[in-house]
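Notes for the structure review
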Amino acid sequence: LEIGKELKFKAPSQVDIVIFDECNNEYVRKSINKIYSIGIFNQRKPIDIFISFKVLISFFQNLVYFKINEIFGHRRGIIDAALTNLRRIYYKSCLDVMKPKAVITYIDNSSNFGWLSRNCKDYPFIGIQNGSRLSYASSNKNFDYHVQHLFCYGEHEKSLFSKIGYSVNNFYPAGSLVASLHFDLKLQSEKEIYDLLIVSTWRGNIGFQQDVKDTMKSMKIMDHLLAQYVKTRSIKAAIILRNERDSKDWIMPEIGKSEIDYFQNIYGNSAEIIETNFSKRNIFQLMQKSKVVTTCLSSAAIEAFGIGKKILYCNFTGTNLYHSDIDKDLVTEKSNWLEFSKLMDSLIAHDPEDYRK
């Protein structure tokens, strides 16, 4: 028995709705009518392995989905590609036994979900967009993004996805689910307490490939500019951290600092550092309490923009690779202090109603 897998000598239970991938499934549960029974199809450790006569029969019937042409030429080799194909056939077999009315995921960019959505036609596959999809990250030829029904952020995704090779049968522009659940409609603009909220894009312990180097370099330039701006303008500013304390991404080994140490070294006491709380999603109410939200590349800024907040993306990477999908009017590449400070002055002073128009 492999570590991280749990054998269950029974068939998976039949349910009305299957949530594929347990990550953040609580948000999906809140959006589903309580008259439906719900089952979770775990994709993270420990992974459930169901062994039963029904699953076995279903698996042999589904072997017609074993595609030789998908195996050869795969970047990770024939054996790995074959095992991946068999694993996905097993997933389909379990779902067929569960006989759901629908399969829903909050991880819309799951390649396993994409394969199932493309190959399962007996019940609908519904994806809920959980973050911005950027062109530069879509170059993996072996990545299969396919969703039969996608609740996406907005009209932007309709045009973008076709350009970057993502396949969606039906779009439903609905905004961000997690933002919809956590923005407090009772908070009005007159309750804004911060002139500026800086949303961290700390990359964490994910390796130090080129995009991490570029975005961390850009973030450092932005933070030094903003620290100088906050100190010279005497405005009230806050920083919302990206990762929870002592999580796996709290420290970046290549930088040798924790996320909070990084910000304290740059801002000192000039800005309030607020630790993120994933269970409460405190970032959303913080954005509502702020006049301007700025970041390097966090999709949270777009969620704030969706309710009329003034936002600014800072791109100091030296390339448009990472920001090409964001409207140019929301991005600055001005790292010169005088130009940057004038832009921030203008944005903070901009009348909110006029900005919305």
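The structure this text deals with has already been given above.
These numbers were taken from a predicted model, which means no experiment stands behind them.

Counting residues in each nonpolar core, the largest one holds 71 residues, and the members touching the most others are Tyr-106, Leu-196, Leu-226, Tyr-267, Met-287 and Ile-311. Top element by residues in this core is helix α8 (residues 210-233). It accounts for nine residues. Dropping the residues within four chain positions of it, Leu-196 is found in contact with Leu-226, Val-230, Ile-235, Lys-236, Ala-237, Ala-238, Val-292, Thr-294 and Met-344. Counting residues in each nonpolar core, the second largest holds 29 residues, with Phe-41, Cys-94, Val-97 and Tyr-145 among its members.

For the rest of this paragraph, the subject is a nonpolar patch on the surface. On the surface, a cluster of nonpolar side chains totalling about 570 Å² of accessible area is made up of Leu-56, Phe-60, Leu-63, Ile-79, Leu-83 and Leu-86. Secondary structure elements with two or more residues in the nonpolar patch: α2 (53-61) and α4 (78-98). Element by element, the count of residues in the nonpolar patch is highest for α4, at three residues. As for its position among the elements, Leu-83 is in helix α4.

Attention shifts here to empty space enclosed by the protein. By the definition in use, this model includes one cavity of 30 Å³ or more. For the largest cavity, the calculated volume is near 30 Å³. Lining the largest cavity are Ile-40, Phe-41, Asn-42, Asp-48 and Phe-50. Elements that contribute at least two residues to the lining of the largest cavity include exactly β3 (38-41) and β4 (47-50).

Counted at 1.5 Å a residue, the expected span for α4 with its 21 residues is 30 Å, and the 30 Å between its end C-alpha atoms agrees. Burial runs high along α4: 15 of the 21 residues are buried. Two residues or fewer past α4, Lys-99 is found with a positive phi of approximately 50 degrees.

Right, let's get into the packing of aromatic side chains. Under the definition given, this model contains 23 aromatic pairs. Geometrically, the ring pair formed by Phe-59 and Phe-60 is edge-to-face, given 6.1 Å between the ring centres and 70 degrees between the ring planes. An aromatic cluster of at least three residues, connected via ring pairs, comprises Phe-20, Phe-41, Tyr-90, Tyr-91, Phe-113, Tyr-123 and Phe-125.

Read from one edge of the open sheet, six strands run β13-β10-β9-β14-β15-β16, paired in parallel fashion. Edge positions in the sheet fall to β13 (272-274) and β16 (331-332), since each of these pairs with one other strand and no more. With two bridges connecting them, strand β15 (residues 310-314) and β16 associate as parallel partners. Residue pairing across strands places Tyr-313 opposite Val-331, the latter belonging to β16. Where helix α9 (residues 259-267) meets the sheet, it contacts β9 (194-199), β10 (237-240) and β13, and its direction lies at approximately 170 degrees from that of β13. Contacting β9, β14 (290-295), β15 and β16, helix α12 (residues 337-349) runs over the sheet at an angle of about 160 degrees to β15.

Rules and cut-offs
Position numbers for residues start from 1 in each chain and track the written sequence from start to end. In view of the model being predicted, local features appear only for residues whose pLDDT reaches at least 70, and side-chain atom pairs are presented and counted only at 80 or more, with totals across whole chains, interfaces and linings using the full set of residues. Excluding hydrogens and water, the side-chain figures rest on all heavy atoms present in the structure. Residue types Ala, Val, Leu, Ile, Met, Phe, Trp, Tyr and Cys, when buried and joined through side-chain atoms within 4.5 Å, form a set referred to as a nonpolar core. Partly exposed residues are those whose accessible area sits between 20% and 50% of the maximum for their type, while under 20% is buried and over 50% is exposed, using a 1.4 Å probe and protein chains only. Each helix corresponds to a stretch of at least 4 residues labelled H or I by DSSP, and each strand to a stretch of at least 2 residues labelled E; elements are numbered beginning at the N terminus. We call two residues in contact when some of their heavy atoms are within 4.5 Å. A patch consists of residues exposed above 30% relative accessible area that lack any salt bridge, with like charges linked at up to 9 Å and nonpolar side chains (Val, Leu, Ile, Met, Phe, Trp, Tyr) linked at up to 5 Å. Surface exposure here means Shrake-Rupley accessible area, sampled with a 1.4 Å probe, where a residue is shielded only by the protein chains that are shown. Whenever Lys or Arg places a side-chain nitrogen within 4 Å of a carboxyl oxygen from Asp or Glu, that contact is recorded as a salt bridge. Buried and open spaces are told apart on a 1 Å grid over the protein atoms alone, a cavity being a set of points where a 1.4 Å probe fits but cannot get out and a pocket being an open set with protein on both sides within 12 Å along at least five of seven lines. Residues with an atom within 4 Å of a point are the lining residues. Grid points are joined across faces, edges and corners, and a volume is the space filled by probe spheres set on the points. Under the convention used throughout, the expected extent of a helix is 1.5 Å for every residue step, that is, one less than its residue count. Only centres within 6.5 Å qualify two rings of Phe, Tyr or Trp (six-membered ring in Trp) as a pair; their planes then separate them into stacked at under 30 degrees, edge-to-face at over 60, and tilted for everything else. Two strands are said to pair when DSSP picks up at least two bridges between them. Interaxial angle, 0 to 180 degrees, is taken between N-to-C directions of lines fitted to C-alpha atoms, where a helix line uses only the stretch in contact.

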